[in-house]
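# Breakdown of the fold
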Amino acid sequence: MAEIRVALGQRSYPVLVQQGLARRIPEVLERVAPSKRYFVFADGNVWSHYFDIIPSKDPRYVTFAVPPGEGSKSIETLYSFWTFLLQNGVERGHVAVAIGGGVVGDAAGFAAATVLRGIRLVQVPTSLLAQVDASIGGKTGINHPLGKNLIGAFYQPVAVIIDPAFLRTLPESEFQSGMYEVIKYALIEKNGLYERLMDFAWSRTSDMTAVIELCAQCKAHVVAGDEMEAERRMILNFGHTVGHAIEAAGGFKQLKHGQAVGWGILFAARLSRAMGICDRLTEDAIGRLLYRNGALPKLSYPPAMLVELMRHDKKVRDGRFTFVLPKRIGEVVIRKGIEEDWVQRQLEEFYREVGG
Ligand code: ADP
Ligand code: ZN
């Protein structure tokens, strides 16, 4: 079993990756987070496939089936989590276990961070996006009607348990979306992932163990170097500056997160070449890698609208944008102070080129 360490001093924790690990959850929990009671928050869809991974007759386990979907990252669901924990006699020494995609990890993670001022949290990510990204790094939280992920806390889990076998039941579109985040890791750092993706079958049924391990290693050491996203952690936002705007433009319904990031990576490559940071060969190689993951839905949002949304993104200040730009395959640079108007003109040209 691969054991990747997220090195954060006293709050360090392991990310365990192994095919079939889900079947050993009680034993693993006993080792990484011994407790008299485990509060299991499981995504409803995941639970319908894997309810037998949690011992049903063991009174130490109490389970909450979380309604699937982004709607569960709400104050109402969070409140129901708190009530469930309190009604079942939660104590400081108990453990919360979040089994599901990013939604359950974020919302149940925030419940664990806040109930009794914090109980231990174990993440068991089941979507590709959550396995390679969301479950590692300690971001927890919910949405607010005024925006996504606006309420939350950095709260590190005590362990992350990843079983690539969960992906067998993941819908194909969710797999494709997660793969854009995998592509992100292949491009931000030289870690062997790019080469691996070059002869990868791009299917949900392939053995994803090695790919997930490489992504988790990358995320783990970037986060360890910069827990609160001061500087270095920003490289994880590669493709996300425009990606977030595209997601928001579609009301978070038209494109999946990963697809929006896919567009964001393509645009970042174009911007980088226009600024002379990367050459056309690099831009083309990035385009080809993305193309292997299938087609992206057409973009129909006016560039001015995307720029307006980027302005409102919490990562943007003073009418100038910060972009993470590829220099070559496996290396990115952070560029601050890029003019809004110029970005808009580049987006307009990009649209003409990709036929948006
Ligand atoms: P994400 O993980 O992409 O942030 P979600 O938590 O909403 O987003 O998960 C995406 C969708 O995939 C949800 O409908 C969820 O129920 C479903 N899902 C997650 N993991 C699995 C799995 N292993 N098998 C089947 N469905 C899953
Ligand atoms: Zn992302």
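Residues numbered from 1 in each chain as written. Chains lettered and ligands numbered in written order. Predicted model: local features only at pLDDT ≥ 70, side-chain atom pairs only at ≥ 80, totals over all residues. Heavy atoms only, no water.

It is worth spelling out the overall build of the protein at this point. Tallying secondary structure elements over the protein gives 13 helices and 11 strands in all. A compact globule built from 356 residues would reach a C-alpha radius of gyration of about 21 Å, and the protein, at 20 Å, matches this within 12%. On the principal axes, the C-alpha backbone points of the protein span a range of 60 × 40 × 35 Å. For the protein, buried positions account for 56% of its 356 residues. A sequence separation of at least 24 residues applies to 71% of the contacts in the protein between residues at least 6 apart. Accessible surface, the protein: about 15200 Å² in total, of which carbon and sulfur atoms supply 53%. The average position of the 42 basic charges and that of the 38 acidic charges among the side chains of the protein differ by 2 Å. (Helix = DSSP H or I, 4+ residues; strand = E, 2+ residues; numbered from the N terminus. Rg over C-alpha atoms; globule rule 2.2 N^0.38 Å. Buried < 20%, exposed > 50% of the residue type's maximum accessible area, 1.4 Å probe, protein only. Contact = heavy atoms within 4.5 Å. Areas by Shrake-Rupley, 256 points an atom, 1.4 Å probe, with all protein chains shown as cover. Lys, Arg positive; Asp, Glu negative; His and termini not counted. Charge placed at Lys NZ, Arg CZ, Asp CG, Glu CD.)

The next subject is the sheet that holds strand 1 (residues 2-6). Spatial strand order, 1-2-9-6-5-3-4: seven strands in an open sheet with mixed pairing. Strand pairing shows two members of the sheet lacking a second neighbour, strand 1 and strand 4 (61-66), which therefore form its edges. Each adjacent strand pair in this sheet contributes to an overall mean axis angle of 20 degrees, direction not counted. Each of strand 1, strand 2 (13-17), strand 3 (38-43), strand 4, strand 5 (95-100), strand 6 (120-125) and strand 9 (159-162) touches helix 1 (residues 25-32); the most contacted strand, strand 2, lies at about 160 degrees to it. Sheet strands in contact with helix 8 (residues 209-225) are strand 1, strand 2 and strand 9, and its direction is about 15 degrees off that of strand 1. (Pairing = 2+ DSSP bridges. Axes fitted to C-alpha atoms, helices over the stretch in contact; angles between N-to-C directions.)

Okay, the pairing of strand 8 (residues 147-154) next. Note on strand geometry: in a regular strand, side chains alternate between the two faces of the sheet. Relative to strand 8, strand 7 (residues 139-144) runs antiparallel, the two being bridged by five bridges. Residue pairing across strands places Gly141 opposite Gly152, the latter belonging to strand 8. Counting the residues in the hairpin turn of strand 7 and strand 8 gives two residues.

A few words now on the domain arrangement of the protein. The domains assigned to the protein are domain 1 (2-170) and domain 2 (178-354). On a C-alpha basis, the centres of domain 1 and domain 2 stand 27 Å from each other. Taken together, the contact pairs 27 residues of domain 1 with 26 residues of domain 2. Overall, the association of domain 1 and domain 2 removes approximately 2300 Å² of surface from exposure, summing both partners, and the carbon and sulfur fraction of that is 66%. The interface formed by domain 1 and domain 2 holds three salt bridges in total. One salt bridge in this structure joins Glu247 and Lys148, with 3.9 Å as the shortest N-O distance. Here domain 1 and domain 2 share eight residue pairs in polar contact (both at pLDDT 80 or more) between them. At the level of secondary structure, the elements contributing two or more residues to the side of domain 1 that touches domain 2 comprise strand 1, strand 2, helix 5 (128-134) and strand 8. The element contributing the most residues to the side of domain 1 that touches domain 2 is helix 5, with five residues. Residues belonging to the side of domain 1 that touches domain 2 are distributed by class as follows: 16 nonpolar, five polar and six charged. (Domains from an automatic or database assignment. Buried area = accessible area lost by both parts, 1.4 Å probe. Salt bridge = Lys/Arg side-chain N within 4 Å of Asp/Glu carboxyl O. Polar contact = N/O pair within 3.5 Å; in protein donor to acceptor, adjacent residues only side chain to side chain. Nonpolar A, V, L, I, M, F, W, Y, C, P; charged D, E, K, R; others polar.)

All right, on to helix 10 (residues 257-274) then. An ideal rise of 1.5 Å per residue puts 26 Å on 18 residues; helix 10 measures up with 26 Å between its terminal C-alpha atoms. A positive phi of about 75 degrees marks Gly276, the residue just after helix 10. (Expected span 1.5 Å × (residues − 1).)

With a phi angle near 65 degrees, Arg117 is a residue other than glycine that sits in the positive phi range. Along the chain, Arg117 turns up in the loop between helix 4 (102-114) and strand 6. Judged by its relative accessible area of 78%, Arg117 is exposed. Of note in this structure, Asn149 is not a glycine but carries a positive phi near 55 degrees.

Binding of the zinc ion (ligand 2) to the protein goes through Glu181 (OE), Glu181 (OE), His240 (NE2) and His257 (NE2), at separations of 2.1 to 2.6 Å. In primary-sequence terms, the residues that donate to the zinc ion (ligand 2) follow E-x58-H-x16-H. Within this pair, whereas Glu181 is found in helix 6 (residues 172-188), its partner His257 is found in helix 10, the two being separated by 76 residues in sequence. Given the relative accessible area of 22%, His257 is considered partly exposed. (Donors = N, O, S within 2.8 Å, 3.2 Å for Na, K, Ca; no water.)

Next up on the list: the site of ligand 1. Within the structure, ligand 1 sits among 15 residues, and Asp43, Asn45, Gly102, Ser127 and Thr169 are positioned closest to it. At 2.8 Å from an oxygen atom of ligand 1 is found a side-chain nitrogen or oxygen belonging to Asn45. At 2.7 Å, a backbone N or O of Gly102 approaches an oxygen atom of ligand 1. In isolation ligand 1 offers 560 Å² of accessible surface; the protein chains occlude 86% of this area. The set of elements that each furnish at least two residues to the shell around ligand 1 consists of helix 2 (44-50) and helix 4. When the residues that make up the shell around ligand 1 are grouped by side-chain class, the tally is seven nonpolar, six polar and two charged. (Near = heavy atom within 4 Å.)

Quick look at the nonpolar core now. Grouped together as the largest cluster of nonpolar side chains are 78 residues, with contacts concentrated most on Leu128, Leu197 and Phe323. Composition of this core by domain shows at least three residues from each of domain 1 (2-170) and domain 2 (178-354). Discounting chain neighbours no more than four positions away, the residues touching Leu197 are Met179, Val182, Ile183, Ala186, Trp202, Leu289 and Arg292. In terms of nonpolar packing, the next biggest core, distinct from the first, is built from 24 residues, Leu21, Ala22, Tyr50 and Ile53 among them. (Core = buried A, V, L, I, M, F, W, Y, C linked by side-chain atoms within 4.5 Å.)

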